[in-house]
Amino acid sequence: MISILSGIEAFVLNNLVMLPIAIGLLMAPVMLFLRNKPKAQKIAAITVSVLLLALAAILFWIVYQDGIQVYDIGEFGKYGIVLVGDMLSALLVLLTAFIGLFVLIYSFDYIEKNSLSASYYPLYFLMLAGIFGIFLTGDLFNLFVFFEIMFLSSTGLIMANEALSVTDSAHKLEATYKYMALGMLGSFMMLVAIVTIYATVGSLNMADLAAKIQIIAETGTIPWVIIAAALLFIVVFGNKAALVPLHFWLPDVHPTAPTPISAMLSGILIKVGAYCMLRVLFLILYPTKDFFLPILMFFALLTIAVGAISAMGQTDLKRVLAYSSVSQIGYVLLGLSLGTTAAIAAAIMYLVNHALAKSMLFLTAGGIIHETHTRDLRKMGGLITILPLFSMAFLVGAMSIAGFPPMGGFISKFALFQSAVSGEFWLPLLIALLMAVVTIFYMFRTWIAIFWGENKGSLKEADADPDVPVPAAAPAKKHKISIEIALPIVALCAAVIILGVYPEPLYEISNIIATQILDPTEYITTVLGGAPR
Amino acid sequence: MSTVIVKTMARAVLIVAILFSIYLLLNGANVPGGGFVGGVLFVCAIALVYVAYGMKYINNRLKPDYLSWVAYGLLFASITAIAPMIVNHNYFRSAFTHYHLEIFGIHIGEIELLSSMFFDIGVYFTVIGALLFILTNIASDKIKETDESESDRADLLGESEDFSLKPKAPVKTGATNVTADITANMTANTAANTVANTEEFK
């Protein structure tokens with residue numbers, strides 16, 4: 001018995017970095033096999049998600065204790081693909097597994113049964129595997145492959161049917177088409193950028209690339225193609241992260257996707273863009289920072305302003321949240337573009353806090369939509385007596401996004417502004433502060449519109465309007481708040497408050513990450529020395 | 001499309017194409033080919049049969065469930081990748097061995113047996129399942145025919161029996177009036193109905 005346990009322990013510790021990806025990839029076909037047995041599927045999905053969360057926690061703990069972990073896929077040695085788990089990767093894997101677990105629990109009740117069994121579970125696990133892969137890979141081309149896995153599976157998930165849909169399938173198709181077309185274009189440009197780097201430097205291993213580009217920068221001038229590739233990477237990852245001139249797909253896609261997937265898209269998938277910028281631009285292409293930092297800062301400020309101002313005028317609940325995501329990712333990218341250790345640490349804190357708060361807000365919005373059968377804020381009102389839990393949860397989320405103490409959002413916003421002050425970036429600070437006020441306005445306007453005022457009886461309202469046909473899938477029955485819908489909201493709410501009241505661990509971890517990113521010596525020596533090459 | 005020539009050729013080509021696709025699959029580890037290309041060739045052969053004989057012909061005989069092909073293929077591929085982890089190697093580690101093939105004591109040649117071949121087989125089935133799933137789904141999509149024109153014609157000819165139908169659209173009032181007049185002249189039986197109808201429209 002003990003030998004079996006120690007065997008499992010050794011197995012887990014040996015393959016710790018690989019296991020989240022491998023399990024995700026394995027679960028996709030298993031779920032396809034179980035597609036006629038919804039009960040078994042549910043049990044398997046929940047078990048595996050808890051397992052993934054446990055593995056992510058172990059990975060995080062081990063990386064925190066023992067430093068960077070390297071895994072050589074296929075034991076190919078010099079030409080192989082490595083997976084690298086450093087603090088940044090481990091933190092984001094933990095975050096993804098945490099949000100992923102609760103989004104999955106939420107989906108049990110929210111997604112329509114046939115859709116759930118036939119395609120939702122396999123694609124969901126495939127998407128999780130893709131996201132874990134993006135966070136953990138140490139190879140530039142492998143990053144592209146995992147990007148594609150994540151992108152294609154999320155495209156399928158956007159089309160999943162909700163149990164009680166308020167969205168036209170024509171709108172869904174339009175949004176998916178935009179998402180696909182822009183995603184394909186982004187993938188193509190990413191390939192061009194990767195090929196450019198490979199043709200110039202002759203390697204795809206991130207640590208190797210970082211070391212070689214550092215040497216090139218020290219010995220002479222950097223070839224212009226590397227600078228061009230760096231700027232192209234801003235376009236590619238900016239497309240994923242909804243940087244402003246490339247943001248217009250997001251307010252279509254995030255609201256039309258089924259709510260759990262909206263939570264996943266806004267919580268994790270746009271953070272993938274920020275993560276990749278951090279990894280590729282700051283780890284590998286850092287010597288070109290004089291070129292990309294000002295550009296990134298300009299567009300980050302533009303993103304903050306456009307997102308916040310657009311969110312003010314929206315009447316669609318999920319669209320407000322989507323535009324808010326655009327604005328908030330601007331704050332994260334602003335933190336990156338300031339370039340100091342404190343600013344990057346603040347950006348990472350911001351990223352984590354926003355991911356938790358925004359996925360919680362989307363899940364809450366889903367519950368509200370199920371109650372009112374509409375996404376239109378003008379048809380809501382007075383729900384505070386009917387949905388006390390949701391009103392509390394939405395208030396916590398709104399306070400966190402707007403940056404009120406004692407929520408997590410306050411700490412991260414405070415740290416970001418403090419780093420801007422200490423770095424003496426006065427103009428960006430001014431714009432960011434101004435838009436923070438706008439954030440307060442649109443978040444609380446939304447909350448008041450939903451929960452205060454008179455109950456307008458949105459069901460009758462929809463019937464009275466003859467031009468808008470009532471969707472066939474919207475019967476008069478109310479969708480009861482089940483435990484599957486309430487539990488994720490409460491859990492994420494608790495996480496937001498805990499990170500606000502007790503922020504020291506996250507602050508410390510973010511500082512470690514920022515130091516590791518700006519001084520990649522440990523990363524390079526561990527990867528190049530650790531793997532057999 | 002489905003002339004005798006196409007049908008006959010489809011039968012002849014099917015066997016050759018499938019054999020060649022299996023050859024591509026098994027040969028593709030180190031030379032051009034492999035699971036994906038082999039799978040696509042297999043799909044081409046099957047698609048030719050679909051074109052020649054039609055959906056119904058195949059569905060009546062086989063009732064293929066292509067989604068489970070995808071599931072088997074993916075499972076096969078991921079298990080191949082995970083298997084080395086159980087024997088203390090890394091994910092995707094592959095092993096190979098050489099095997100002398102002899103028949104009746106005559107040396108035929110040397111075969112390279114690769115464990116990554118199983119991965120290729122998984123890819124092969126995934127590609128076949130996914131492509132045929134897409135093709136058959138698109139092919140079985142029925143175009144909804146609008147029966148509006150037919151019902152109009154029926155109205156004009158007085159063939160329509162059900163006059164108590166709800167008025168379809170207010171735009172058509174004029175046309176229905178004309179039909180109502182014609183039918184009222186033609187049969188006394190439906191006259192009461194039509195009068196009621198016309199009055200409703202006015």
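The shown structure was predicted, so the numbers you read here are calculated from the model rather than taken from an experiment.

Calculation rules
- Residues numbered from 1 in each chain as written.
- Chains lettered and ligands numbered in written order.
- Predicted model: local features only at pLDDT ≥ 70, side-chain atom pairs only at ≥ 80, totals over all residues.
- Heavy atoms only, no water.
- Helix = DSSP H or I, 4+ residues; strand = E, 2+ residues; numbered from the N terminus.
- Buried < 20%, exposed > 50% of the residue type's maximum accessible area, 1.4 Å probe, protein only.
- Areas by Shrake-Rupley, 256 points an atom, 1.4 Å probe, with all protein chains shown as cover.
- Axes fitted to C-alpha atoms, helices over the stretch in contact; angles between N-to-C directions.
- Parallel < 35°, antiparallel > 145°, perpendicular 65-115°, else oblique.
- Left-handed = near helix turned anticlockwise from the far one by under 90°.
- Nonpolar A, V, L, I, M, F, W, Y, C, P; charged D, E, K, R; others polar.
- Expected span 1.5 Å × (residues − 1).
- Polar contact = N/O pair within 3.5 Å; in protein donor to acceptor, adjacent residues only side chain to side chain.
- UniProt positions renumbered as here; feature names shortened; annotations may be inferred.
- Contact = heavy atoms within 4.5 Å.

(A) Fine view of the overall build of chain B. Tallying secondary structure elements over chain B gives eight helices and two strands in all. Secondary structure elements in chain B, listed N-terminal to C-terminal, are α-α-α-α-β-β-α-α-α-α. Looking at the 202 residues of chain B, the share that counts as buried comes to 28%. Total accessible area computed for chain B in this model is approximately 13800 Å², and 65% of it derives from carbon and sulfur atoms.

(B) Looking closely at unusual backbone geometry. Of note, the bond from Pro 405 of chain A into Pro 406 of chain A is cis; its omega dihedral lies within 30 degrees of zero at 5°. Inspection of the secondary structure puts Pro 406 of chain A in the loop between helix 15 (388-402) and helix 16 (408-422). Its identity as a non-glycine residue notwithstanding, Asn 88 of chain B has a phi of 60°, on the positive side. With respect to the helices, strands and loops of the structure, Asn 88 of chain B is situated in the loop between helix 4 (66-86) and strand 1 (96-103). Its relative accessible area of 64% is what places Asn 88 of chain B among the exposed residues.

(C) Structural detail: the packing of helix 3 (residues 38-66) of chain A against helix 4 (residues 87-110) of chain A. Residue and element names in this part refer to chain A. Running from N to C, helix 3 and helix 4 cross one another at 160°; their axes reach a closest spacing of 9 Å. The orientation of helix 3 with respect to helix 4, classified from their angle, is roughly antiparallel. Pair helix 3 / helix 4 crosses with left-handed handedness. Each residue belonging to the contact of helix 3 with helix 4 can be placed in one class, and the counts come to 22 nonpolar, one polar and one charged.

(D) Examining helix 13 (residues 317-338) of chain A more closely. Residues and elements named next belong to chain A. End to end, helix 13 covers 32 Å across 22 residues, agreeing with the expected 32 Å (1.5 Å per residue, within 8%). With 21 of 22 residues buried, helix 13 is to be regarded as a mostly interior element. Measuring from the side-chain oxygen of the N-cap residue of helix 13 to the backbone nitrogen of Lys 318 gives 3.0 Å; that N-cap residue is Asp 316. Positive backbone phi, at 85°, marks Gly 339, one or two positions downstream of helix 13.

(E) Here's a closer look at the UniProt feature "transmembrane region" (unreviewed entry) in chain B. Taking the numbering used here, the UniProt-annotated feature "transmembrane region" (unreviewed entry) corresponds to residues 12-29, 35-54, 66-87 and 121-139 of chain B. Within residues 121-139 of chain B, the helical portion is 100% and the strand portion 0%, while the C-alpha atoms at the span's ends are 27 Å from each other.

(F) Inspection of the environment of Phe 11 of chain A at higher detail. Inspection of the secondary structure puts Phe 11 of chain A in helix 1 (residues 2-14). Taking the relative accessible area as the measure of exposure, Phe 11 of chain A reaches 27% and is therefore partly exposed. Remark: the alpha-carbon pair of Phe 11 of chain A and His 171 of chain A, spanning 160 residues in sequence, is separated by 47 Å. Excluding anything up to four places from it in sequence, Phe 11 of chain A contacts Leu 19 of chain A together with Met 85 and Ile 86 of chain B.

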